Amino acid sequence: GDIHNNLGNAFLQIGIYDSALYFFRNSLDQYQSNNDSLLSCRAFRRIGIVYHRLNDFDNAKTYYGKSLNMAEAINDSLMISTSKMSLALYYADIGDLETASTYLMTSLQIAESINNTRIQSDILNNISVVFGKIGNFDKAIKYQKMAIKLTKEKELSEDLAYSLNNLGIIFRVMGKID
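Residues numbered from 1 in each chain as written. Predicted model: local features only at pLDDT ≥ 70, side-chain atom pairs only at ≥ 80, totals over all residues. Heavy atoms only, no water.

## A word on the nonpolar core
Counting 47 residues, the largest nonpolar core has Ile47, Leu104, Ile123 and Ile127 as its most contacted members. Listed by contribution, the elements that provide at least two residues to this core are helix H2 (17-33), helix H3 (37-53), helix H4 (57-74), helix H5 (77-93), helix H6 (97-113), helix H7 (117-133), helix H8 (137-153) and helix H9 (157-174). Ignoring any residue separated from it by four or fewer positions in sequence, one finds Ile123 in contact with Ser81, Met85, Leu104, Ser107, Leu108 and Ala111. (Core = buried A, V, L, I, M, F, W, Y, C linked by side-chain atoms within 4.5 Å. Buried < 20%, exposed > 50% of the residue type's maximum accessible area, 1.4 Å probe, protein only. Helix = DSSP H or I, 4+ residues; strand = E, 2+ residues; numbered from the N terminus. Contact = heavy atoms within 4.5 Å.)

This is the structure in C-alpha cells:
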C-alpha cells in the first residue's frame, strides 16, 4: 500500500491525476484488506484531493466525507482536523463560504488542541483566504498575520513564505501595493 500511496503522491504533485487516482485507489484497497483504518482514512482524503483538483466536487466531497467519518470512528484528531480542512476548501470552492468558515474554525481548534503547528498554519492561511473571498479584508489580514507569527515562531520557512505571499495578495486585492 505504501508504494502505491507514494506513487499516487508523486503523480498528484506533477498533475497526472488519472495515475494518482489509480495508485491511491490501489493503496486504499491494500489498506482496507489489512484493516488499517488510519491509512485508509488518509487514502480517502487523498482521493478526494485528486477529485477536487479535477473540479469533480461531488466525488471530492464524498471522499472527504469518508475520510472524516473514518477519522471520527478511530478518533484520530489530526485526520479529523485535516479532513475538516479539506471539506472547508470544498465548500469554499463551491461558494458556501459560511460552511467553509465553520469547518475551518473547528479544524483550527482541533489542530491547536493537538499542538500541530504546521496544520494550524495551513488552516490560518485558508481562513484568511475565505475572509478575503467574502471581502472581509480586516479579518483576512488578522488571520494571515496569525499564520505569519506562528510560522516565524516555529521556524517553518516554507509556510512563512506562503503566508507572506498571501498577505501580499490581500494587499494587492485591496489596492494597497505601494
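## Describing unusual backbone geometry
Notably, Asn115 is not glycine yet its phi reads approximately 60°, a positive angle. The phi dihedral of Glu155 falls on the positive side, at around 55°, and the residue is not glycine. With respect to the helices and strands, the residue Glu155 is situated in the loop between H8 and H9.

## Digging into the packing of aromatic side chains
Summed over all chains, the structure comprises 8 aromatic pairs. Ring centres of Tyr22 and Phe23 lie 5.0 Å apart, and the angle between their planes is 80°; on these two criteria the pair is classed as edge-to-face. Ring centres of Phe57 and Tyr90 lie 6.4 Å apart, and the angle between their planes is 55°; on these two criteria the pair is classed as tilted. Residue Phe57 is located in helix H4, and its partner Tyr90 is located in helix H5; the two are separated by 33 residues in the primary sequence. In this structure Phe57 comes out as partly exposed when scored by relative accessible area, which is 22%. An aromatic cluster of three or more residues is present, and its members are Phe57, Tyr90, Tyr91 and Tyr103. The cationic tip of Lys66 hangs over the ring face of Tyr63; the distance from NZ or CZ to the ring centre is 4.9 Å. (Phe/Tyr/Trp six-rings, centres within 6.5 Å; stacked < 30°, edge-to-face > 60°. Lys NZ or Arg CZ within 6 Å of the ring centre and 35° of its normal.)

## Notes on the environment of Lys149
With respect to the secondary-structure elements, Lys149 resides in helix H8. Under the relative-accessibility criterion, Lys149 is labelled exposed at 53%. Taking the C-alpha atoms as reference points, Lys149 and Leu87, separated by 62 residues in sequence, lie 25 Å from one another.

## Some points on the packing of H2 against H3
Packing of H2 against H3 leaves a shortest axis separation of 9 Å and a crossing angle of 160°. In this view, H2 runs roughly antiparallel relative to H3, as classed from their interaxial angle. Handedness of the crossing formed by H2 with H3: left-handed. Note on element contacts: H3 touches H2 through Leu39, Ser40, Ala43, Phe44, Arg46, Ile47, Val50, Tyr51 and Arg53, opposite Tyr17, Ala20, Leu21, Phe24, Arg25, Ser27, Leu28, Tyr31 and Gln32. For the contact of H2 with H3, a count of residues per class yields 12 nonpolar, 3 polar and 3 charged. (Axes fitted to C-alpha atoms, helices over the stretch in contact; angles between N-to-C directions. Parallel < 35°, antiparallel > 145°, perpendicular 65-115°, else oblique. Left-handed = near helix turned anticlockwise from the far one by under 90°. Nonpolar A, V, L, I, M, F, W, Y, C, P; charged D, E, K, R; others polar.)

## Here's the deal with the environment of Lys66
Tracing the backbone shows Lys66 in helix H4. When its relative accessible area of 36% is taken as the criterion, Lys66 is described as partly exposed. C-alpha of Lys66 to C-alpha of Arg45: the two residues are 21 residues apart in sequence and 7.8 Å apart in space.

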